[in-house]
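Residue-level structural notes
The primary structure of each chain is shown beneath.
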Amino acid sequence: MSPATADFEIIDATEAHLPGIVAIFNHAVRETFSIWSETETTVELRRAWMAARRQAGFPVIVAVDRLHPTEVLGYGSFGMFRDFPGYVKTVEHSVYVSPKAQRRGIGRAVLTVLMERAKALQLAAMVGGIDSENAGSIALHEQAGFEVQGNLKGVGRKFGKSLDLVFMVKAL
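Note that the structure is a prediction, hence the values are computed from the model and not measured.

**With respect to the nonpolar core**
- Core analysis: the largest hydrophobic core is formed by 27 residues, its most contacted members being Ile 10, Phe 78, Ile 106 and Met 126.
- Where this core is concerned, the elements lending two or more residues are strand E1 (8-12), strand E2 (60-65), strand E3 (72-80), strand E4 (90-97), helix H3 (106-120), strand E5 (125-131), helix H4 (135-143) and strand E7 (161-171).
- When sequence neighbours within four positions are dropped, the list of residues in contact with Phe 78 reads Arg 53, Phe 58, Pro 59, Val 91, Glu 92, His 93, Leu 114, Arg 117, Ala 118, Leu 121, Leu 123 and Met 126.
- With 16 residues, the next largest nonpolar core counts Ala 13, Phe 25, Ile 35 and Val 62 among its residues.

Below, the structure is given as structure tokens:
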């Protein structure tokens with residue numbers, strides 16, 4: 001199931017991974033424009049999020065250190081793109097990597113597994129909403145075959161700054 005290297009593997013997230021997911025999420029909230037919120041999350045909120053994703057039949061996966069399998073290096077998931085019947089075959093995904101684990105192929109591995117899972121569910125398309133200044137994430141998605149299909153100017157705000165949202169789409 002998992003692309004693996006000598007030092008990490010991709011597996012389904014469990015309760016034991018929630019603190020690591022929360023740590024990565026909260027770092028992104030505090031330090032980046034990857035998550036357009038200034039409100040940190042909790043293990044309880046992420047537990048409910050994970051349960052809702054799973055109940056809907058969607059994956060929550062983690063990249064873990066092979067020697068310390070509860071150490072979360074990155075995570076990803078997807079969920080409904082929009083809550084209308086016409087979008088039932090389209091999902092929006094998220095991929096986040098711990099700052100200490102970046103540039104090791106973890107984001108690419110997580111995205112690859114998410115694409116495999118989406119294909120297995122016979123979905124038609126995956127959408128990524130990316131801050132327009134996140135060159136690394138845009139490049140990752142381009143390498144995975146996603147195409148820019150929209151740039152929404154000034155639709156977001158964080159840290160007092162106006163933000164643009166790039167939509168990248170991959171037909172499955």
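The rest of the description comes next.
**Structural notes on the packing of aromatic side chains**
- One pass over the structure, following the stated rule, counts seven aromatic pairs.
- Taking the centre distance of 6.2 Å and the plane angle of 80 degrees together, the rings of Trp 49 and Tyr 75 count as edge-to-face. A residue pair is termed long-range when its members are at least 10 positions apart, and Trp 49 in helix H2 (residues 43-55) and Tyr 75 in strand E3 qualify at 26 residues. In this structure, Trp 49 and Tyr 75 share a single accessibility class: buried.
- Taken together, the ring pairs connect Phe 81, Phe 84, Tyr 87 and Phe 167 into an aromatic cluster.
- Positioned over the ring face of Phe 25 is Arg 46, at 4.5 Å from the centre of the ring.
- Sitting above the plane of the Phe 33 ring, Lys 161 keeps its charged end 5.1 Å from the centroid.

**Thoughts on the pattern of salt bridges**
- Across all of its chains, the model carries seven salt bridges by this definition.
- A salt bridge links Arg 30 to Glu 40, with the nearest nitrogen and oxygen atoms 3.3 Å apart. Here Arg 30, found in helix H1 (residues 18-31), pairs with Glu 40, found in the loop between H1 and H2; they are 10 residues apart in sequence, far enough to count as distant.
- Of the residues examined, Arg 30 reaches a relative accessible area of 41% and is grouped as partly exposed.
- A relative accessible area of 38% places Glu 40 in the partly exposed class.

What counts, and at which threshold
- Residues numbered from 1 in each chain as written.
- Predicted model: local features only at pLDDT ≥ 70, side-chain atom pairs only at ≥ 80, totals over all residues.
- Heavy atoms only, no water.
- Core = buried A, V, L, I, M, F, W, Y, C linked by side-chain atoms within 4.5 Å.
- Buried < 20%, exposed > 50% of the residue type's maximum accessible area, 1.4 Å probe, protein only.
- Helix = DSSP H or I, 4+ residues; strand = E, 2+ residues; numbered from the N terminus.
- Contact = heavy atoms within 4.5 Å.
- Phe/Tyr/Trp six-rings, centres within 6.5 Å; stacked < 30°, edge-to-face > 60°.
- Lys NZ or Arg CZ within 6 Å of the ring centre and 35° of its normal.
- Salt bridge = Lys/Arg side-chain N within 4 Å of Asp/Glu carboxyl O.

Scope: geometric values only; no functional claims are made or implied.
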